[in-house]
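Given next are the chains, with one letter for each unit.
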Amino acid sequence: MAVVKTIVTVVYILICLALTVIILMQEGKSAGLGAISGAADTYWGKNKGRSMEGILVKSTKALVFLFVVISAILNIGSF
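Residues numbered from 1 in each chain as written. Predicted model: local features only at pLDDT ≥ 70, side-chain atom pairs only at ≥ 80, totals over all residues. Heavy atoms only, no water.

(A) Structural detail: the overall build of the protein chain. Assigned secondary structure in the protein chain consists of three helices and zero strands. Along the protein chain, helices and strands appear, N-terminal first, in the series α-α-α. For the protein chain, the proportion of its 79 residues judged to be buried stands at 14%. In the protein chain, the proportion of contacts linking residues at least 24 apart, taken out of those at least 6 apart, comes to 86%. Surface accessibility of the protein chain: about 6100 Å² in total, with carbon and sulfur atoms responsible for 71%. (Helix = DSSP H or I, 4+ residues; strand = E, 2+ residues; numbered from the N terminus. Buried < 20%, exposed > 50% of the residue type's maximum accessible area, 1.4 Å probe, protein only. Contact = heavy atoms within 4.5 Å. Areas by Shrake-Rupley, 256 points an atom, 1.4 Å probe, with all protein chains shown as cover.)

(B) Summary view of the packing of aromatic side chains. All told, the structure shown has one aromatic pair when counted by the stated rule. Judged by centre distance (5.3 Å) and plane angle (15°), the rings of Y12 and F67 are stacked. Taken together, the positions of Y12 in helix 1 (residues 2–25) and F67 in helix 3 (residues 52–75) put the pair 55 residues apart, joining distant regions of the chain. (Phe/Tyr/Trp six-rings, centres within 6.5 Å; stacked < 30°, edge-to-face > 60°.)

(C) Local environment of helix 1. Here helix 1 is 24 residues long and its end C-alpha atoms lie 35 Å apart, about the 34 Å a rise of 1.5 Å per residue gives. On its buried face, helix 1 is in contact with helix 3. (Expected span 1.5 Å × (residues − 1).)

(D) Up close: the confidence of the model for the protein chain. Mean pLDDT over the protein chain works out to 82, with 70% of the residues at or above the 70 mark. The lowest-confidence element of the protein chain is helix 2 (residues 43–46), averaging 56 in pLDDT; the highest-confidence one is helix 1, averaging 94. (pLDDT = per-residue confidence, 0-100.)

(E) Main features of the packing of helix 1 against helix 3. Helix 3 packs onto helix 1 with a crossing angle of 150° between their chain directions and a minimal axis gap of 9 Å. Comparing their axes, helix 3 and helix 1 come out roughly antiparallel. Helix 3 is crossed by helix 1, and the crossing has left-handed handedness. Contacts between helix 1 and helix 3 involve K5, V8, T9, V11, Y12, I15, C16, A18, L19, I22, I23 and M25 on the former and, on the latter, L56, S59, T60, L63, V64, L66, F67, I70, S71 and L74. Its residues assigned to classes, the contact of helix 1 with helix 3 comprises 17 nonpolar, four polar and one charged. (Axes fitted to C-alpha atoms, helices over the stretch in contact; angles between N-to-C directions. Parallel < 35°, antiparallel > 145°, perpendicular 65-115°, else oblique. Left-handed = near helix turned anticlockwise from the far one by under 90°. Nonpolar A, V, L, I, M, F, W, Y, C, P; charged D, E, K, R; others polar.)

(F) Quick look at helix 3. Helix length check: helix 3 (24 residues) gives 34 Å between terminal C-alpha atoms against 34 Å at 1.5 Å per residue, within 8%. Taken together, the buried positions of helix 3 are E53, G54, L56, T60, L63 and I70. Residues of helix 3 that are buried make contact with helix 1.

Okay, here's the thing in structure tokens:
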């Protein structure tokens, strides 16, 4: 059982590192003065899910879900 806990802990640490890197790679959400003139409705604004920013957001959500699940598993205590 100690081997499984060690493997889960290593996966947990790797998820933590990946989550930190992906969050730091994302752009800020403040649109600045472009939001006043409606510049957010450009091609990149409409297709944000297919851009690199969209991929980063989706992967952040997936890693946060895994982070919470593995945190709960490691915190159960009987593991």
